[in-house]
Every structure is written in C-alpha cells, then in structure tokens.
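Take a look at the letters that make up each chain.
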There are 2 protein chains.
Amino acid sequence: MKLSEIGEFALIDILANLVQKDRDVMSPGWKNLVAGIGDDAAAWKNSANLSLATTDCLVQDVHFRLGQTSWRDLGWKALAVNLSDIAAMGGTAEHALVTLGLPGETGVEDITELYKGMIEIGIASGVAIAGGDVTSSSAVFISLTVLGSAGDRILRRCAARGGELIAVTGYPGMAAAGMALINGKAKPDGETPALTQAFLRPSPRLGEGKIILEAGVQAAIDISDGLVADLGHLCRASGVSAQIETERVPLHPALRRAFPDRALDMALGGGEDYELLFTASAAAIEAVKARTSLPVSVIGEITTGNTGLVRVLDSHGNEYPLKKAGWDHFGTA
Amino acid sequence: MKLSEIGEFALIDILANLVQKDRDVMSPGWKNLVAGIGDDAAAWKNSANLSLATTDCLVQDVHFRLGQTSWRDLGWKALAVNLSDIAAMGGTAEHALVTLGLPGETGVEDITELYKGMIEIGIASGVAIAGGDVTSSSAVFISLTVLGSAGDRILRRCAARGGELIAVTGYPGMAAAGMALINGKAKPDGETPALTQAFLRPSPRLGEGKIILEAGVQAAIDISDGLVADLGHLCRASGVSAQIETERVPLHPALRRAFPDRALDMALGGGEDYELLFTASAAAIEAVKARTSLPVSVIGEITTGNTGLVRVLDSHGNEYPLKKAGWDHFGTA
C-alpha cells in the first residue's frame, strides 16, 4: 500500500496508534505529556529548571541510501543522532517531534517500520513521540526535534580551559568504518558486524552525559562530525586549542582487524560517531570512569593560544598528517 | 556567492551573527535563553507550568515556488505557520529551531534574506531563534520547530461540546485567493494586495489565542487546512459534529471584490488561513470580541451525533455543495 492510496490523515492515524500502543507510561516523556499527536502543538508539564531542544535531519542520498539501510534502522538512527545532542549537554531526553518528507509512492509499511525503529529507541531512552508533521517531497527526509530537560547546569562547548585533559567515551571511527563497508567503498580484512552496527544503530550516550555532568565537568561535545573536527568546534567555542596523541586514541579490535592501515584515520577523521568528548581534570575523569562500563580514554590536553587549532602528534612527537577532517554539507571542507 | 563556495560552517556563522545582532533581549524567548546557536542543543530556563512544541515544514514546489515568493517572505511564513499552532493552544511562543535543506547552488544572500524574514516576525512575536541544522538537499525545505509555554491550561482540539457556538477570527479564504492570484490561476475582478499579503505574510493570532483562553474557552484549532476541513478535525477529536451557515461566514470586501463568484468557496475550502476557530458560549464569544480589534464571527454551532460530520447550509437551509474540502499531502482528499 502506497501513501498516495491512503492519504496524509490516514497515515497520521496509523502512526498515532503505533506510538500510543507502545507508550511507556512510566518514562519521563510520557509521564508529563498533556497533549500528544493530534493537537495543534504538543504540551507537557514542566518540572526541571532548564529545557533543552535540538534538531537534526537525515536526507535521502545525503545521509542515507534506501536499500543500504532498513527503514527500522533509519528510524532508530534519526532519533539516536538527536538524543546524542541532549547527551552532550548532560540532559534527559523527553519528547520528540517527527517531520517526514515523503514521496507519494512510499510504502505505508516502510513508514510504520521507520516509526517502530524510533519507538524502539524511544522506549530505551524514555522519550515520547509527541507530535510532528508529514508532507510530500521528491526525496525522503526525516527532520527530528528532541526536547529534554536538565537541572541547574549543563555541559557546554564553550567551557573548555587550558590544562584540562581531553577524554572520549567508547571507540571513535567505528561508524566511519561501518559506512565504508556498507557503501562498498572498502573491503575488510576481518569481521565487521560491530562496525556496521555502529553506523546503522548508534547508541547515544545519555547515561554517560549525566555521569560526566555529575562529575563536575563543564565542557563536552558529541563527535558526530568526527573526533578532530568536533574537538576543533569545542576549541573555537572555548577560545582554546588542543593537542592529541595518536597513540592514545582508542581503536576497537574490530576496527583494527577490519582496517589495519586505516583504523587511526577513521578514528580521527570519520564522522557519525556518537561518542562524547569532554575536557576535565584527571580526578573528574577518574570519577566518570568509576561510574560507566564504557571505556573512557584520555587522548590529549587543552592548550592555550591559536584558538581552534588541533595538533595531532604521532609517537615521535611529529605532526600526524590528517586524511580527512570531518564533513561539510556544501562540500568545501 | 553560493553556499558551495563558503561551506556549512561559514553559513552557520553568518546566520548566528544575524540572529545575535537583532536579538530583542527583553522578549520572552531571549530573556530565558541559556545556550543558543552554536552548542549541541539549545537551553533555556523554565518558569511556566506547561511547555508547548510544534513543528511545520515548507517544501519547495509543494508549499512554495521560488520566484513566486521572496526569500524574506518565505522566512516570515515558515515561522508564522508554526506560531499559529502555538496560538491555537493559547500559548506564548518563545524559541524556534530552524532546519534548512538547501542545494549547494543556493545563494548565501538568499538564505540571509530568509533569516531576516524569520527574525522580523520573531521580533514581532517575542521569539528567539535558538538553534537548528543545515543540510544539503536537492530541493529547498524549511522545517521549523517552535517551543512555547502556557499557564496551567491550554486550548484543545478535543474539548468542543454539543450546543456550543462556532466562532472564527478574521476573514477566511484570503490566503487561498492570494495563492490563486500568485499562481496565475485566477484573474481578479478587483484589487488584490490584501489577498496576496494574506498568503505571503500571514499573521498568526497569538494575542487572540490568549484572549480566547482567558475567556474560559476550551476548544480551538487554527484553520490552516481550510475552515471546513479543520472544523472536521476538531469535531472528530471532540466526538461531535457541526453545522455552519454560509450566510454567517465573514467575507472580506477585497475577497468579494476580486472573486465575487468564488469568495464563499475560498472561505469554506481554501487552506493556509491562519485564523483561529473556537467553540464557546455566546457570553464567552462576547468576552473575546470585547478584547480584540479583529472581527470575531459566529458561523454555526456544535451538534452531537455523526462524529466528525460538518454540515454546511445555505440561506434556504439546504446543504451547500462544497467545492474543495481542505488539502491532503498525498492527494487522496
């Protein structure tokens, strides 16, 4: 069944029922919801001091290709990338608004699968789908907004200070490796499910974001544009610079096995990782490590002067030549 | 200068500076903003009981055609249609997140004009642009989310009750007339600036939404899909039906002059009007009228049974044959 056969309002009914059926009434997002799908706007009761809002969009043939990802994974990922931004503030994610641009020939089952992927990660992270918009469009796009809350403090990009250590959760580069594999642009030397999974179903670090905030850390960012590129964003926002050492960048065994020669470049330059990078004292980093099962690795330190500059040094203390420094949407990076 | 020549991050810098330069620090949205453009998420301090969120998207060649609207008007309208949803809840609009999908050949000046249009209506309505996302895309799309707040009560679509009168603000049909003129699909018999303006630069009824709420009204909707279609939505959500009389539908003199034969059909079936429709007692409607300079017209009443049915009666009490009942994005309406 195609969208053009059932129409916009029947589609909205189907999606509203799906969302309603699987709602977790005990989750933060559902508990405070007053008006969800089906009114002019979503409404919920406030309790926290601070509100958070973020938006991120996936566009067909820019961020994904139909046929290379399932609709369910696409739904998961579209919400995951937004949750990652709330994680990078140390907040709690509560509500999502889902805007879909869809060609009329899109299958209704494809869109319900997309929603099931969103509902799945929504349940895992306490988020209620509270509204949205559907429109016709020549290419598929999925524009999500996630609303959240925080106590009286948040993690900021602009709060890094000279002398702080730079730490990163998990293993950067895995999503870039997974993307290269899925796009058929690389042949792995070893097995790859952990890599493709990292690309198709990223895990936003909501728990770690809170742990990092509670450890007294001030500055964090998620590394969705790539480790070095996002460290650069953080340095520019904070008016500082950074130095990282290639030997300290954690490389997942699956990444090293699949791409022994490119693993480090993927970790430094690949995008679409949703790990958190933060800057802190050694003691604060130890406090974070003590509370999470994820690896947390110190990879360098914040320096002063040369605002925005990120130096990458190899084991001999020489400048490491970066292959790719993040992603620019209009192709000038 | 094209986007592809300056890149994503330079564009974001330009837009962030524009937004910052024109901010109105006394407006609700700016006063409570803690983190705006340039961090992982936007953050602001809560004070109201209820949070509101709505999202609406304009797509090139679906909602607008470049060349038929200026970029500045497009920016105004993209924000206006979202503000209208907050108005329909009786809320205060505070923050906007702006997601743009843009081809690389788009002119940078066009996008700054788009932002100027948003900033213009943002200032007029107290809204701070607090974040967003830009991505490349084959066609232009503008997906906005507006966040707002309300006291302890909101206007709902689901709260209409049998016996209540149906009232509408302003003059429906003007935007449909303006659109027909701009698309070259109609030749007017009279002058038209009020009509094209209604289509290009709609005025969301934020003030009236609050007045309606404060008058004790429970149920409202904005008539962006068309008067009869949205009255149908309200009736379905409330489990009621409605009867309206064509003689009571207010027709603006400019609409009647330009389209003497089609004015009523445009008022009943045309979309893109951002007037508010609400249901209330005669006394509550009088209380609303006393506080606004806009015309407020009673056009019929809420009935029970036949959930969702809207009967339109002419001056002889006969069923009026509707030409067009709203807009469906996938073309089955």
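Residues numbered from 1 in each chain as written. Chains lettered and ligands numbered in written order. Predicted model: local features only at pLDDT ≥ 70, side-chain atom pairs only at ≥ 80, totals over all residues. Heavy atoms only, no water.

1. Here's the deal with the interface of chain B and chain A
When the parts come together, some accessible area is lost, and that loss is often what is quoted as the size of the interface.
Part 1: Listed per partner, the contact involves 65 residues of chain B and 65 residues of chain A.
Part 2: Here chain B meets chain A over a buried area of about 5,100 Å², counting both sides, of which 55% is carbon and sulfur.
Part 3: Along the contact surface separating chain B from chain A lie 4 salt bridges.
Part 4: Here B:Arg157 makes a salt bridge to A:Asp40, at a shortest N to O gap of 3.2 Å.
Part 5: Across the chain B-chain A interface, the total number found is 26 residue pairs in polar contact (both at pLDDT 80 or more). (Contact = heavy atoms within 4.5 Å. Buried area = accessible area lost by both parts, 1.4 Å probe. Salt bridge = Lys/Arg side-chain N within 4 Å of Asp/Glu carboxyl O. Polar contact = N/O pair within 3.5 Å; in protein donor to acceptor, adjacent residues only side chain to side chain.)

2. Section: the pattern of salt bridges
Residue and element names in this part refer to chain B.
Part 1: A full pass over the atoms with the stated rule returns 28 salt bridges over all chains.
Part 2: In this structure, arginine 65 engages aspartate 61 in a salt bridge whose closest nitrogen and oxygen atoms are separated by 3.7 Å.
Part 3: Overall, arginine 65 belongs to the partly exposed group, its relative accessible area being 43%.
Part 4: Given the relative accessible area of 46%, aspartate 61 is considered partly exposed. (Buried < 20%, exposed > 50% of the residue type's maximum accessible area, 1.4 Å probe, protein only.)

3. What to know about the relation of the copies chain B and chain A
Part 1: If you rotate chain B by 180° and push it 0.0 Å along the axis, it lands on chain A with an RMSD of 0.0 Å. On the angle and the small slide along the axis, the relation comes out as a two-fold axis.
Part 2: Looking at the interface residues of chain B, 100% of them are also at the interface in chain A, so both copies use one shared face. (Least-squares fit on C-alpha atoms with pLDDT ≥ 70 in both.)

4. A short note on the packing of aromatic side chains
By convention here, two paired aromatic rings are described through the distance between centres and the angle between planes.
Part 1: Tallied over the entire structure, the rule returns 1 aromatic pair over all chains.
Part 2: With a centroid separation of 3.8 Å and 0° between ring planes, the pair formed by A:Phe141 and B:Phe141 is classed as stacked. Taken together, the residues span two chains, with A:Phe141 in strand β6 (residues 141-150) and B:Phe141 in strand β6 (residues 141-150).
Part 3: A cation over a ring is seen here: A:Lys77 above A:Phe199, with NZ or CZ 3.7 Å from the ring centre. (Phe/Tyr/Trp six-rings, centres within 6.5 Å; stacked < 30°, edge-to-face > 60°. Helix = DSSP H or I, 4+ residues; strand = E, 2+ residues; numbered from the N terminus. Lys NZ or Arg CZ within 6 Å of the ring centre and 35° of its normal.)

5. Topic: the sheet that holds strand β8 (residues 219-222) of chain B
Residue and element names in this part refer to chain B.
Part 1: Taken in spatial order, the 6 strands line up as β8-β10-β7-β11-β9-β12 in an open sheet, and their pairing is mixed. Looking at which strands have only one partner, the edges of the open sheet turn out to be β8 and β12 (310-313). Strand-to-strand, the axes of this sheet are offset by a mean angle of 25°, without reference to chain direction.
Part 2: Pairing geometry for strand β7 (residues 165-169) and strand β10 (residues 276-280), over 4 bridges, is antiparallel. For leucine 165, the partnering residue across the bridge sits in β10 and is alanine 280.
Part 3: Against the sheet, helix α7 (residues 206-214) makes contact with β7 and β10, and its axis sits at roughly 5° relative to β10, the strand it touches most.
Part 4: Packing of helix α8 (residues 227-238) onto the sheet brings it into contact with β7, β8, β9 (241-245), β10, β11 (296-303) and β12, and relative to β8 it is tilted by some 140°. (Pairing = 2+ DSSP bridges. Axes fitted to C-alpha atoms, helices over the stretch in contact; angles between N-to-C directions.)

6. Notes on the nonpolar core
Part 1: Of all hydrophobic cores here, the largest spans 142 residues; its most connected members are A:Phe278 and B:Phe278.
Part 2: Once residues within four sequence positions are removed from consideration, B:Phe278 is found in contact with B:Leu165, B:Ile166, B:Ala167, B:Ile212, B:Val217, B:Ala219, B:Ala220, B:Ile285, B:Val288 and B:Val296. (Core = buried A, V, L, I, M, F, W, Y, C linked by side-chain atoms within 4.5 Å.)

7. Comments concerning the sheet that holds strand β11 (residues 296-303) of chain A
By definition, the strands of a sheet pair up through backbone hydrogen bonds, in either a parallel or an antiparallel sense.
Residue and element names in this part refer to chain A.
Part 1: Strand order in the open sheet formed by 6 strands is β8-β10-β7-β11-β9-β12, and the pairing between neighbours is mixed. Across the chains shown, the open sheet's two edge strands, defined by having one partner strand only, are β8 (219-222) and β12 (310-313). Going across the sheet, the axis of each strand differs from the next one's by a mean of 25°, ignoring polarity.
Part 2: Helix-sheet contacts for helix α8 (residues 227-238) involve β7 (165-169), β8, β9 (241-245), β10 (276-280), β11 and β12, and the interaxial angle to β8 is about 140°.

8. Notes on the confidence of the model for chain A
Part 1: Here chain A averages 92 in pLDDT, while 97% of its residues score no lower than 70.
Part 2: Two summary scores accompany this predicted model of the complex, namely pTM at 0.92 and ipTM at 0.89. (pLDDT = per-residue confidence, 0-100.)

9. Description of helix α7 (residues 206-214) of chain A
Part 1: All of the buried residues in α7(A) are A:Leu206, A:Glu208, A:Gly209, A:Ile211, A:Ile212 and A:Leu213.
Part 2: One or two steps after α7(A), the chain reaches A:Gly216, where phi turns positive at roughly 90°.

10. Brief notes about the packing of helix α5 (residues 174-182) of chain A against helix α6 (residues 193-200) of chain A
In helix packing, the relevant descriptors are the interaxial angle and the interaxial distance, both defined with respect to the helix axes.
Residue and element names in this part refer to chain A.
Part 1: At a minimum axis separation of 7 Å, α5 and α6 run at an interaxial angle of 100°. The orientation of α5 relative to α6 falls into the category roughly perpendicular. Of α6, the residues touching α5 (which contributes Met174, Ala175, Ala177, Gly178, Met179, Leu181 and Ile182) are Ala194, Leu195, Thr196, Ala198, Phe199 and Leu200.
Part 2: Its residues assigned to classes, the contact of α5 with α6 comprises 11 nonpolar, 2 polar and no charged. (Parallel < 35°, antiparallel > 145°, perpendicular 65-115°, else oblique. Nonpolar A, V, L, I, M, F, W, Y, C, P; charged D, E, K, R; others polar.)

11. Topic: the side chain of A:Asn32
All names here are of chain A.
Part 1: Structurally, asparagine 32 is set in the loop between α2 (28-31) and β1 (33-35).
Part 2: Side-chain polar atoms of asparagine 32 contact the side chain of histidine 95, separated by 3.0 Å.
Part 3: With near-sequence residues (within four places) excluded, asparagine 32 lies in contact with Ala43, Trp44, Lys45, Glu94 and His95.

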